[in-house]
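Examining the three-dimensional arrangement
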Amino acid sequence: MVALHEIWLVQHAQLSPWNGGGFGMFSSTDAFARRHLHAWLLAPGLREELDVPSALREEMRRALALPSDARLRAFGERLLAAYPEASRADAPTLTVYATRFDTRTLVSSGTPIRSLRMDLCGERP
């Protein structure tokens, strides 16, 4: 059951095969350490990338390993708390990228695997 659940999470929820029970980890280069996250504040005429404070690195690592909407939203809320100067109009967008390799040339590139745009109209104080 554990193996089947992990296979389902890898296929449907972008769980890194290197996390969880360890089944299939050696069949993939998709470790959370090869993933990266970009967070932007979006508003009319504005697109500003946010730096992740060191205090949130562990939470970001968990979001990279299993980038569910719930984890990305929780991480986004904590990240926004570190930027109190962000205006109400800002809509943070978080995107997780996985490193993929071209099968012919072996050139690496970042491929988006999950993105979440947080609609904060009226949610923030």
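For every chain, the first residue of the written sequence is number 1, and numbering continues from 1 along that sequence. Local features are withheld for residues below a pLDDT of 70 in this predicted model, meaning they are given only at 70 or higher, and side-chain atom pairs are given and counted only at 80 or more; totals for whole chains, interfaces and linings count all residues. Side-chain descriptors were evaluated using all non-hydrogen atoms of the structure, hydrogens and water having been removed beforehand.

1. Observations concerning the sheet that holds strand β4 (residues 108-117)
What counts is decided by this rule: Two strands pair under a simple rule: DSSP has to find at least two bridges between them. Helix and strand definitions here come from DSSP, where helices need a minimum of 4 consecutive H or I residues and strands a minimum of 2 consecutive E residues; each element is numbered from the N-terminal end. Structural elements are reduced to axes, namely lines fitted to C-alpha atoms, with helices fitted over the stretch in contact, and the angle between N-to-C directions of any two is expressed from 0 to 180 degrees. In this analysis, two residues are considered to be in contact whenever any of their non-hydrogen atoms come within 4.5 Å of each other.
If you walk across this open sheet you meet the 4 strands as β2-β1-β3-β4, and the pairing is antiparallel. Each end of this open sheet is capped by a strand with a single partner; those strands are β2 (46-50) and β4. Across the sheet, the axes of successive neighbouring strands diverge by a mean angle of 30°, strand direction being ignored. Sheet topology places strand β1 (residues 35-43) next to strand β3 (residues 91-101); 8 bridges connect them, and they run antiparallel. By the bridge assignment, Arg 35 is partnered in β3 with Ala 98. The strands touched by helix α2 (residues 57-65) are β1 and β3; relative to β1, the strand with the most contacts, the crossing angle is about 105°.

2. Description of helix α3 (residues 69-81)
Under the convention used in this document: To estimate how far a helix should reach, multiply one less than its number of residues by 1.5 Å. Residue burial is assigned from relative accessible area. The probe radius is 1.4 Å, only protein chains are included, and a residue is buried under 20% of its type maximum, exposed over 50%, and partly exposed in between. The directions from the helix axis to the C-beta atoms form the arc being described.
Over its 13 residues, α3 runs 18 Å from end to end, which matches the ideal 18 Å to within 8%, given 1.5 Å per residue. Taken residue by residue, α3 has Leu 72, Phe 75, Gly 76, Leu 79 and Leu 80 as its buried positions. Considered in projection along α3, the buried side chains sweep an arc of 135° and stay on one side of the axis. Exposed side of α3, more than 90 degrees from the buried face: Ala 70 and Ala 81 are the residues found there. If you follow the buried residues of α3, they end up packed against β1, β2, α2, β3 and β4.

Nothing here speaks to function; it is all geometry.
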